[in-house]
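Chain residues, written in single-letter form:
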Amino acid sequence: MSKTTRDGRTLRPRTEAVHGGTNRTAFGETSEALFLTSGYVYDSMEAAERRFKNEEPGFVYSRFSNPTVRAFEERMAALEGAEDARATATGMAAVTSAMLCYLKAGDHVLSSRALFGSCRYIVEDLLPRFGVTSTLVDGRDIDAWKKAVQPNTKILFLETPSNPTLEVIDIKAVADIAHAAGAKLVIDNVFATPTLQRPMEFGADVVVYSATKHIDGQGRCLGGVVLADQQFISDYLANFLRQTGPSLSPFNAWVMLKSLETLDLRVREHARNAEAVARFLEGHKGIERVFYPGLPSHPQHDLAMSQMEAGGNIVAFEVKGGKAGAFRFSNALQVVKISNNLGDSKSLITHPATTTHQRLTPEAREELGIREGLLRLSVGLEDSADLIEDMERALA
Ligand SMILES: *Cc1c(COP(=O)(O)O)cnc(C)c1O
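Everything numeric here is computed off the predicted structure, so don't read it as measured data.

(A) Here's a closer look at the sheet that holds strand β6 (residues 206-210). On the basis of which strands lie adjacent, the open sheet formed by 7 strands has the order β1-β7-β6-β5-β4-β2-β3 and mixed pairing. Among the strands making up the open sheet, the edge pair consists of β1 (84-88) and β3 (133-137). Across this sheet, the average inter-strand angle for adjacent strands is 20°, counted without regard to direction. The sheet contact formed by β6 and strand β7 (residues 224-228) spans 4 bridges and is antiparallel. By the bridge assignment for β7, V207 is matched with L227. Lying over the sheet, helix α3 (residues 67-80) contacts β1, β6 and β7, oriented at roughly 130° with respect to β1. This element, helix α4 (residues 91-100), spans β1, β4 (153-159), β5 (184-188), β6 and β7 of the sheet and lies at about 155° to β6.

Rendered as structure tokens:
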């Protein structure tokens, strides 16, 4: 994928995040150009004909491809170590396209039940309307995955660590089950980020991101990306995206492309801050429980550390006093802002039971450990001492 060295040396992911996908114009600009164009002109009718027949390389229409969007895709693929990538308008467009391009009526999808709310809607509600059945399992239970595989299972889908209670799933074990069944393993790697977890090294076939989160990292643009081998993209995904049109805007692609240059730095600092905050919360008497994969108290700490470089930037915790306690605490915060977004340089806190997961039945929430006192904190890039002081005050 890399085009960055003339003698074909393979570069490390951190270098790819800075240089990957660069394709300079004749002006020799240092920073990547932004191609805000929906269409392209051809030298002749013959040239247009050749482009449409795929007989010569080049861009045809920005619903299918655009130089800035392509640069973002190539940089993401180089960073992830994937053969190729396709960008989408949002993270949900990435998840939905990765599923719909590959599935047909009569197929079965097997998924972990602890999912981002909209992902769970796709698996549980949307796919069955089109004849694709689905089963949700406790993703931590490897036997449960094995038992739920059916002859028509085509996709296994999971998110690790999961939203919002940060359950960790053994990627390698689930990849082996998927491959024994002739199915693809699709991973939503948003919480871990490409910096801290590389699912393809553990056997994942397809990795999806909401680029809206840490990839942009500053809460500006929506975007998504699907990474896979060339065959999955050429045979299934590319044409699906071309015909259905969930395309990423070139402007957003440019923002994401430039943000990738600082992703590694930001994510590692996010994780350092989150660990400090998690340790503080764990030691506080006003806190019932803390969920953070980077803490030894996390039930799957060892597994988390075997597939992640650090615990990530999301910390979940239960405050005493249920919903009222959680609301009172959150309303008293001054540095941490109340928002359901995550992966931003600003620290953001949300109450999953009444926002991101309010669509679920109380039983489904209980099953996922989403209690009334649970809060999800996306730790930002502020000074962790200010974050801790802010929470200390709010707890008092
Ligand atoms: C935000 C998010 C999504 C959806 O991404 P959008 O860009 O908001 O569409 C999917 N999965 C996870 C884990 C997320 O956090």
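Anyway, onward from the coordinates.
(B) Representation of the sheet that holds strand β10 (residues 337-338). A sheet is described by the order of its strands in space; here 5 strands give the open sequence β8-β9-β12-β11-β10, paired in mixed fashion. One side of each edge strand has no neighbouring strand; the edge strands of this open sheet are β8 (287-291) and β10. As judged from the 2 bridges shared by β10 and strand β11 (residues 348-350), these two strands associate in the parallel manner. Bridging from a neighbouring strand, I338 pairs with I349 of β11.

(C) Quick look at a nonpolar patch on the surface. On the surface, L34, L36 and F251 cluster together into a nonpolar patch covering about 280 Å² of accessible area. Inspection of the secondary structure puts L34 in the loop between α1 (13-19) and α2 (45-52).

(D) Broad picture of the site of the ligand. Near the ligand you find 13 residues, and of these G91, D188, S210, T212 and K213 are the closest. M92 is positioned such that a nitrogen or oxygen atom in its backbone is 2.8 Å from an oxygen atom of the ligand. Measuring from an oxygen atom of the ligand, one finds a side-chain N or O atom of T212 at 2.6 Å. When isolated, the ligand has an accessible area of 380 Å², and the protein chains bury 92% of it.

(E) Looking closely at the packing of aromatic side chains. Per the stated rule, a full pass over the model turns up 6 aromatic pairs. Between the aromatic rings of Y61 and F64, the centroid separation amounts to 5.8 Å while the plane-to-plane angle is 75°, which identifies the pairing as edge-to-face. Residue classification places Y61 among the partly exposed residues on the basis of a relative accessible area of 37%. Residue classification places F64 among the partly exposed residues on the basis of a relative accessible area of 22%. Geometrically, the ring pair formed by F232 and Y236 is tilted, given 5.9 Å between the ring centres and 40° between the ring planes. A residue pair is termed a helical-turn pair when its members lie 3 or 4 positions apart in one helix, as F232 and Y236 do in helix α9 (residues 230-244) at 4 residues. The structure contains a cluster of three or more aromatic residues connected by ring pairs, namely Y102, F232 and Y236. When the ring centre of F64 is taken as reference, the NZ or CZ atom of R242 above it lies at 3.7 Å.

Cut-offs and rules
Residues numbered from 1 in each chain as written. Predicted model: local features only at pLDDT ≥ 70, side-chain atom pairs only at ≥ 80, totals over all residues. Heavy atoms only, no water. Pairing = 2+ DSSP bridges. Helix = DSSP H or I, 4+ residues; strand = E, 2+ residues; numbered from the N terminus. Axes fitted to C-alpha atoms, helices over the stretch in contact; angles between N-to-C directions. Contact = heavy atoms within 4.5 Å. Patch = residues over 30% accessible without salt bridge, like charges linked within 9 Å, V, L, I, M, F, W, Y side chains within 5 Å. Areas by Shrake-Rupley, 256 points an atom, 1.4 Å probe, with all protein chains shown as cover. Salt bridge = Lys/Arg side-chain N within 4 Å of Asp/Glu carboxyl O. Near = heavy atom within 4 Å. Polar contact = N/O pair within 3.5 Å; in protein donor to acceptor, adjacent residues only side chain to side chain. Phe/Tyr/Trp six-rings, centres within 6.5 Å; stacked < 30°, edge-to-face > 60°. Buried < 20%, exposed > 50% of the residue type's maximum accessible area, 1.4 Å probe, protein only. Lys NZ or Arg CZ within 6 Å of the ring centre and 35° of its normal.

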